[in-house]
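Summary of the model geometry
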Amino acid sequence: MTEPGISRRSFLDRLLGLGVLAWLGSVIYPVVEYFKTPPQGEAEVTSVVATKIQSVKPNSGLVFRFGREPAILVSGPDGKLRAFSATCTHLQCTVQYRNDLQKIYCACHNGMYDLNGRNLAGPPPRPLTEFQVTVKGDDVVVSRT
Ligand code: FES
């Protein structure tokens, strides 16, 4: 004797099929998303105004945004301006200027760089990336070299 409509077996088959489809979707969707090309970020910035020249004092440092990265403008004790990527070459912490040491310092693991961006002490494996600094009118302009 068969009942009209859907049988128990047919119902369970469909339920199992839906479960398999849902499982496949949960596996395939993240894989597809992983391999999709990420949306384009902002275009690479090649030059920014870091600050106004009037606000730069000798033996000081200023961390500023250079596109998506932090950068640091350093005015040495002699007043000479230099700029570097502020991303430590060890584990990507942001460096800072220590006016008491007259060095660029990374507080994460006591990394130390000189005023030319060369790694002096601690774990940083290579120098900071240097940028070009020019003063145009009142603006301190930092550019990729
Ligand atoms: S991240 Fe800078 S010293 Fe480790």
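1. Overview of the overall build of the chain
- For the chain, the helix and strand inventory stands at one helix and 10 strands.
- Across the chain, helices and strands are ordered from the amino to the carboxyl terminus as α-β-β-β-β-β-β-β-β-β-β.
- Scaling as 2.2 N^0.38, a compact globule of 145 residues should have a C-alpha radius of gyration of about 15 Å, whereas the chain reaches 28 Å, well beyond that.
- Projecting the C-alpha coordinates of the chain onto the three principal axes gives extents of approximately 100 × 35 × 20 Å.
- Residue burial in the chain is summarised as follows: out of 145 residues, 19% are buried.
- Once local pairs closer than 6 in sequence are excluded, the contacts in the chain between residues at least 24 apart make up 39%.

2. A short note on the pairing of strand S4 (residues 81–85)
- Most of S4 sits out of view: four of its five residues are buried.
- As judged from the five bridges shared by strand S3 (residues 69–75) and S4, these two strands associate in the antiparallel manner. Looking across to S4, one finds that Ala 71 is bridged to Ser 85.

3. Things to note about the confidence of the model for the chain
- When the pLDDT values of the chain are averaged, the result is 90; 94% of them are 70 or greater.
- When pLDDT is averaged over each helix and strand of the chain, the minimum, 89, is found for strand S1 (residues 47–52) and the maximum, 96, for strand S7 (residues 111–113).

4. Quick notes on the sheet that holds strand S10 (residues 139–144)
- Pairing in this open sheet of six strands is antiparallel, and the strands run S1-S10-S9-S4-S3-S2 from one edge to the other. Strands at the two margins of the open sheet, each flanked by one partner only, are S1 and strand S2 (60–66). With strand direction ignored, the average angle separating the axes of adjacent strands in the sheet is 30°.
- For S1 and S10, the ladder comprises five bridges, and the chain directions are antiparallel. Bridge pairing in S10 places Val 49 opposite Val 141.

5. Topic: the nonpolar core
- Judged by nonpolar contacts, the single largest core of 19 residues is most densely connected at Ala 71, Ile 72, Ala 83 and Val 142.
- Those elements that place two or more of their residues in this core are S3, S4, strand S6 (103–106) and S10.
- Per element, the largest residue contribution to this core is four residues, and it comes from S3.
- Residues contacting Val 142, with those up to four places away along its chain left out, are Ser 47, Val 48, Ala 50, Phe 66, Ala 71, Leu 73, Ala 83, Phe 131 and Val 133.

So, how was this worked out
- Residues numbered from 1 in each chain as written.
- Predicted model: local features only at pLDDT ≥ 70, side-chain atom pairs only at ≥ 80, totals over all residues.
- Helix = DSSP H or I, 4+ residues; strand = E, 2+ residues; numbered from the N terminus.
- Rg over C-alpha atoms; globule rule 2.2 N^0.38 Å.
- Buried ≥ 20, exposed ≤ 12 C-beta atoms within 10 Å, placed from the backbone.
- Contact = placed C-beta atoms within 7 Å.
- Pairing = 2+ DSSP bridges.
- pLDDT = per-residue confidence, 0-100.
- Axes fitted to C-alpha atoms, helices over the stretch in contact; angles between N-to-C directions.
- Core = buried A, V, L, I, M, F, W, Y, C linked by C-beta atoms within 7 Å.

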